[in-house]
Amino acid sequence: MNLFLPFKNEPKINSKRLLIASILFLLITSTSQSQTLRDIAPNGKYIGTIVNGNFFNNQGNNGPNYEGVIAEQFSSIVAENDHKFENIMNNEPSDIYDINTYNINTNKLDRLIDFANVNNIDVKRGHALMWYNQAGWLNGAAADWSREKIYTFATNYITKVISYRAGEINEWDVFNEIISDNNDGFRTGTWYDNVVADGKTVQDFLDHCFVVSRNALTAALGETEGNKVKLYYNDYSIESYDTNPNSKNGFMRNMISEMVNRGVPIDALGLQSHFVSPVDESFTNSISQTMDEMIGLGLICNITELDIRICNGAAPASAAELEEQRDSYERVAAMAIAKEGCTGITLWGFTDAHSWIPGWSNGECGDALIYDNDYNEKPAYYGLASGLSVPCLNNPTVPQAPFSGTPAVIPGVIEFEDYDLGGEGVSYSDIDLSNNGESDYRDECDAVDVVTEGSETIIGWLSVSEWLEYTVNITQLGNYSFIISTAADVGFEGEGSIEVDGVDVSGLITFPSTGGWSNYQDTEVINIALNAGEHVLRFNVESGSFNIDKMTISSSTLEIDNFDLNANLKAYPIPFNSTLNISYNDIERTESLNLLDINGRKVLNQKYNNEAVIKMSAENISSGMYFLQLNLRGSITKIIKVIKK
Ligand code: 9MR
């Protein structure tokens, strides 16, 4: 569940997990690297790095074991510069309108793919098809092109590159860094400015590039295989959540969600993640919120260029700084990899011997990666490995069953933390795979975010689309009121709903801000009709952020115990709205039911129809008090008072 919790409990890396990780690494170091980063990463998720052509294939100063470390540690690679425009298309085509005149340098694609294939590296990323930077002759030429010429160029260039050895590159950054750094929307001052013409916008151009990419892939590979290649939008300084819609993050979230809504074929968002050490928990919580929102749109959201620099002038990093960096790598990796919608983390290099950071920062910052200049693992390596090791990730689920062994009784109180046994996707759905709450109340691998504070146990970090299920025993058919106790800090609120056996019984319930994550308030929902017997009740999180404590469920059915026929008559809901339900345990004796107004005039009539519950349709009568008259066989009449809402 998301980042919200009672303020007293700051989320921490699970201490049990740290213990497991430490044991794991004692094992690693004592068994000569038997477990590498790629082994530790959860099943189905990759850990990647860039490869730099200058150090590749023994070109230049490739260090002691440049390719050896890549092959041993990583399950994904991406070229640092080789696939950028300036390196892939050295010369301007003689005719921009003729794709046959586009010559691309395929050596650079071949080199990456072949190296990956030989070394069992599963995921090959392509970076980046469209980018204003490192674009060689294009920047000068396209500055004079019309909108239509740029569109044609983009179509031909993308088609040419993405179709080459199609299917062997698993992911492409279709567009890189199109958003401005000045909180003012799309980047300006590049040749993209020329696409704003004839009523078209930069957004149209962005959409066009995704459509062209998908079309080229499906043309080359067919629908099924073509759709498997993941198409990314990739950018920096978009990682942490910002409620300001004009901020880079706010603009990006809006841009991506509109693209998804319009059906643009985008599969993934790349958070570059060039960070400064130390990275604290409030920062990773904020990134987590961005990731959850993007994953909620059905996208993959991956970390695509991770490095965490130490900025101390030219000084060598101290032991304390390296420890902080270790924790920073651990935090970022643990937060991201546990999410179902995060399929991988890519580092922007692995050794400090080859990193863009010192050059870019004029020597102010450096030491950003996980191996030092001499290819020794730094504390950051172990931090990353610890973050990647999610002990419960591949835990099998078990059949659904009540938490306490017996179903919760309704009417009664259900504590939210007593959700059923079963696991992710069976008895609950939680957006991340660790228990942010660190409570010992349930099994460690039951990864819903349970928080224990003193004698109170609650669930925090709720996110849209999460749900929890409870096997319940409803003692009698009738109408119930639910009092739900929730908390949300100033500025937060949320919505939920209740389903029984897959049917919505409550509609949207709004939970207000209560002024604090630990200030619980009751919200009452009345007139929820429930059938008797064993059922599965589900609580859905529909929107917002709030903590949940318990549901108190009581009967709001009108019962008359001393009914003449000893019949336990029930009429519900009281007050009723569109339908009044009537039942009693000898209902077959009913001849008919009349609803009489206060003056004794009959306003509705209903015959018994062999159902266990007689339903009177009361939509068209006005609010107020009525008398329900039951006419039973044997000329017995019974009258009770009911109220229409
Ligand atoms: O690491 C790349 C460096 O060698 C290049 O000189 C630089 C040019 O801008 O690009 C670096 O990689 C960038 C990546 O392609 C996109 N995101 C930011 C990366 C760091 O600048």
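Look up a bit, the structure's there.
Everything numeric in this text was worked out from a predicted model, so none of it was measured. (Residues numbered from 1 in each chain as written. Predicted model: local features only at pLDDT ≥ 70, side-chain atom pairs only at ≥ 80, totals over all residues. Heavy atoms only, no water.)

A. A look at the overall build of the protein chain. Scanning the protein chain from terminus to terminus reveals 14 helices and 31 strands. Summarising its shape, the C-alpha atoms of the protein chain cover approximately 105 × 60 × 40 Å along the three principal directions. Taking all 645 residues of the protein chain together, 56% fall into the buried category. Considering only contacts in the protein chain between residues 6 or more positions apart, those separated by 24 or more positions represent 73%. For the protein chain, the computed accessible surface area is about 25,600 Å², with 47% contributed by carbon and sulfur atoms. Charge-centre separation for the protein chain: the mean point of 42 positive side chains lies 7 Å from the mean point of 87 negative side chains. (Helix = DSSP H or I, 4+ residues; strand = E, 2+ residues; numbered from the N terminus. Buried < 20%, exposed > 50% of the residue type's maximum accessible area, 1.4 Å probe, protein only. Contact = heavy atoms within 4.5 Å. Areas by Shrake-Rupley, 256 points an atom, 1.4 Å probe, with all protein chains shown as cover. Lys, Arg positive; Asp, Glu negative; His and termini not counted. Charge placed at Lys NZ, Arg CZ, Asp CG, Glu CD.)

B. Quick look at the nonpolar core. One finds F205, Y233 and I370 to be the most contacted residues of the largest nonpolar core, which totals 109 residues. Beyond its immediate sequence surroundings of up to four residues, Y233 is in contact with F175, E177, I178, I179, L206, F210, M255, I256, I266, A268, L269 and G270. Core analysis: the second largest hydrophobic core is formed by 33 residues, V450, Y470, V500 and V525 among them. (Core = buried A, V, L, I, M, F, W, Y, C linked by side-chain atoms within 4.5 Å.)

C. Representation of the side chain of S213. In this structure, S213 sits in helix α8 (residues 202–221). For S213, the residues in contact, after removing those within four places along its chain, are L129, I158, I162, V174 and L231.

D. Highlighting the site of the ligand. As a matter of local geometry, the ligand sits amid 14 residues, with E80, K84, H127, E305 and W348 nearest to it. Between the ligand and the protein, one listed contact pairs an oxygen atom with a side-chain N or O atom of N81 at 3.0 Å. Here an oxygen atom of the ligand sits 2.7 Å away from a polar atom, N or O, in the side chain of K84. In isolation the ligand exposes 450 Å². Once the protein is present, 78% of that is buried. Of the residues contributing to the shell around the ligand, the split by class is three nonpolar, seven polar and four charged. (Near = heavy atom within 4 Å. Polar contact = N/O pair within 3.5 Å; in protein donor to acceptor, adjacent residues only side chain to side chain. Nonpolar A, V, L, I, M, F, W, Y, C, P; charged D, E, K, R; others polar.)

E. A look at the environment of C209. In this structure, C209 sits in helix α8. A relative accessible area of 0% places C209 in the buried class. Residues C209 and V174 lie 35 residues apart in sequence; the distance between their C-alpha atoms is 6.9 Å.

F. Seen up close, the packing of helix α11 (residues 281–296) against helix α12 (residues 319–337). At a closest axis distance of 10 Å, the pairing of α11 and α12 adopts a crossing angle of 25 degrees. Taken together, the axis directions place α11 and α12 in an arrangement best described as roughly parallel. Read as a crossing pair, α11 and α12 show a hand that is right-handed. Taking contact as the criterion, the partners of E281, T284, I287, S288 and M291 in α11 are, on α12, R331, V332, M335 and A336. Along the lines of polarity and charge, the residues of the contact of α11 with α12 split into five nonpolar, two polar and two charged. (Axes fitted to C-alpha atoms, helices over the stretch in contact; angles between N-to-C directions. Parallel < 35°, antiparallel > 145°, perpendicular 65-115°, else oblique. Left-handed = near helix turned anticlockwise from the far one by under 90°.)

G. Representation of the pattern of salt bridges within the structure. Inspection of the entire model under this criterion finds 21 salt bridges. Between R165 and D114 there is a salt bridge, with its nearest N and O atoms 2.9 Å apart. With R165 in the loop between α7 (147–163) and β4 (171–176) and D114 in helix α5 (residues 107–118), this residue pair connects regions lying 51 residues apart in the sequence. Residue D198 pairs with R147 through a salt bridge whose shortest N-O separation is 3.1 Å. A residue pair is termed long-range when its members are at least 10 positions apart, and D198 in the loop between β4 and α8 and R147 in helix α7 qualify at 51 residues. What makes D198 exposed here is its relative accessible area of 64%. Using a relative accessible area of 16% as the deciding quantity, one classes R147 as buried. Each of D110, D114, R165 and E168 takes part in a single network of salt bridges with overlapping partners. (Salt bridge = Lys/Arg side-chain N within 4 Å of Asp/Glu carboxyl O.)

H. Focus on a nonpolar patch on the surface. Nonpolar side chains collect at one region of the surface, where I598, M625 and I643 lie side by side and expose about 260 Å² of accessible area between them. One can find I643 in strand β31 (residues 636–644). (Patch = residues over 30% accessible without salt bridge, like charges linked within 9 Å, V, L, I, M, F, W, Y side chains within 5 Å.)

I. Examining the state of the cysteines more closely. Under the defined criterion, the tally for this structure stands at one disulfide. The disulfide partner of C311 is C365, and the gap between their sulfur atoms is 2.1 Å. Disulfide C311 to C365: torsion about the S-S bond roughly 105 degrees, handedness right-handed. Here C311 is found in strand β8 (residues 300–311), whereas its partner C365 is found in strand β10 (residues 365–366), with 54 residues between them in sequence. The exposure class of C311 is partly exposed, given its relative accessible area of 37%. On the accessibility criterion, C365 (10% relative accessible area) is buried. With no disulfide partner, C342 has as its closest neighbouring cysteine sulfur the one in C301, 7.3 Å distant. A residue is classified by how much of its surface remains accessible, and C342, at 0% relative accessible area, is buried. (Disulfide = S-S within 2.5 Å.)

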